[in-house]
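# Remarks on the overall topology
Below, each chain spelled out in residue letters.
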Amino acid sequence: MEQDPECTAERELLEAASTIAAFSITAPPDEEQSQPKAEISCELSKENPGRDDLRDSKASLSPNSSMTNKELQEYWRNEKSQCRQVKLLFEIPSTRIVEHHLSKYVMYKIIILQTGSFDSNKSVIERRYSDFEKLHRNLLEDFSEEMEDVTFPKKALTGNFTDEIISERKLAFKDYLRLLYSMKFIRRSKKFIDFLTKPELQEAYGCLRGGQYNKALEILLEVIRLQERLTRGNPVAIVPTLCAIVVCHKDLGNAASAFEYGEKALSYLCMRNSHKYYIPLLEAMITLAYELGKDFLSLQEKLEEWKAKKDPVRVFSLKELAVREYVK
């Protein structure tokens, strides 16, 4: 009988984690350079990895020999979680008509929730017809073959605001999103993820730049939940949002919360120390750790290790880097 691939993948991860953890404890210092690297694929199907996250997924599949036991455990915990595919459900329960100056349009309320269990953290966004239309055009550029049989609701010359047309489009857009999400390459694409998250992120970063940290934090905490579900195969993609949350909490005086989100972001970058957020985040975490009475020396050692390998260059602070995101 053929074994369940998910169970097999999880068992391989646990075995590899145990082997490496044991090796990291028993191996003498002069053998560190020869420590084996376990490369485990979290792909459960025979399909090829998504085009947009192929490089990132490959780059993050090997543990670093310099990682501490705690970091190693966190690394494998993250890897194991990536093996569980998250299935999302899209619903469009209602609409509203917006009249703004000389324009008039319909906003569709989209509810995104996780299937398989009661989801108390559903995501709610709003998009208009032109947003869907732009998404369709963008996807046709990169996925013409996959989009070959995907139909898009046509714009009517008249009657766009009648109950009948709006009801028809609600159903059509719900089916449209479900169909797109069912296609692996598309649901992992930046263009699809941007459609679901970018407007809210733009608003959040605008608030951050304006010093409205409470408002920015409120939006970012909503977005990060959806981003985590959409980018399970490439967690590095949510690092900028996590860092923006760190900045908001830090400026609001919530050092403990800032440190918590910073630790999460840093765990995703443990194999990506060339990432533009790595050093600014490390510096911010050193400050927060010192303020909270936590161990900051290990973080300081990582910073000094990085500086010893790199030519001295000006590095933006975490806040300076964050406010540069989504500048129109």
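Conventions we followed
- Residues numbered from 1 in each chain as written.
- Predicted model: local features only at pLDDT ≥ 70, side-chain atom pairs only at ≥ 80, totals over all residues.
- Heavy atoms only, no water.
- Helix = DSSP H or I, 4+ residues; strand = E, 2+ residues; numbered from the N terminus.
- Buried < 20%, exposed > 50% of the residue type's maximum accessible area, 1.4 Å probe, protein only.
- Contact = heavy atoms within 4.5 Å.
- Areas by Shrake-Rupley, 256 points an atom, 1.4 Å probe, with all protein chains shown as cover.
- Polar contact = N/O pair within 3.5 Å; in protein donor to acceptor, adjacent residues only side chain to side chain.
- pLDDT = per-residue confidence, 0-100.
- Core = buried A, V, L, I, M, F, W, Y, C linked by side-chain atoms within 4.5 Å.

### Notes on the overall build of the protein chain
If you tally the helices and strands in the protein chain, you get 13 helices and three strands. Within the protein chain, the fraction of its 328 residues that count as buried is 42%. A separation threshold of at least 6 residues defines the contact pool for the protein chain, and within that pool the share at least 24 residues apart is 63%. For the protein chain, the exposed surface amounts to about 18800 Å²; the carbon and sulfur share of it is 49%.

### A word on the environment of R209
Relative to the helices and strands, R209 is located in helix α7 (residues 190-209). There is a polar contact of 3.3 Å between the side chain of R209 and the backbone oxygen of Y326.

### Some words on the environment of N214
Here N214 lies in helix α8 (residues 213-230). Put simply, N214 and C248 are 34 residues apart on the chain and 7.4 Å apart in space, counted from C-alpha to C-alpha.

### Topic: the confidence of the model for the protein chain
Scored by pLDDT, the protein chain has a mean of 81; 72% of the residues are at 70 or more. Within the protein chain, no element has a lower average pLDDT than helix α2 (residues 54-59), which sits at 41, and none a higher one than helix α9 (residues 239-251), at 98. Here residues 1-9 is modelled with pLDDT under 50, and outside its nearest four sequence neighbours on either side it reaches seven contacts, counting other chains as well. A low-confidence stretch, residues 16-62 (pLDDT under 50), is modelled with 71 contacts involving residues beyond four sequence positions or located in other chains.

### Notes on the nonpolar core
Nonpolar side chains in soluble globular proteins tend to be buried together. Judged by nonpolar contacts, the single largest core of 45 residues is most densely connected at L281 and L318. Counting only elements with at least two residues in this core, the list comes to α7, α8, α9, α10 (255-268), α11 (278-292), α12 (297-309) and α13 (318-322). Once you skip the residues sitting within four places of it in the chain, L281 turns out to touch C243, G262, A265, L266, L269 and L318.

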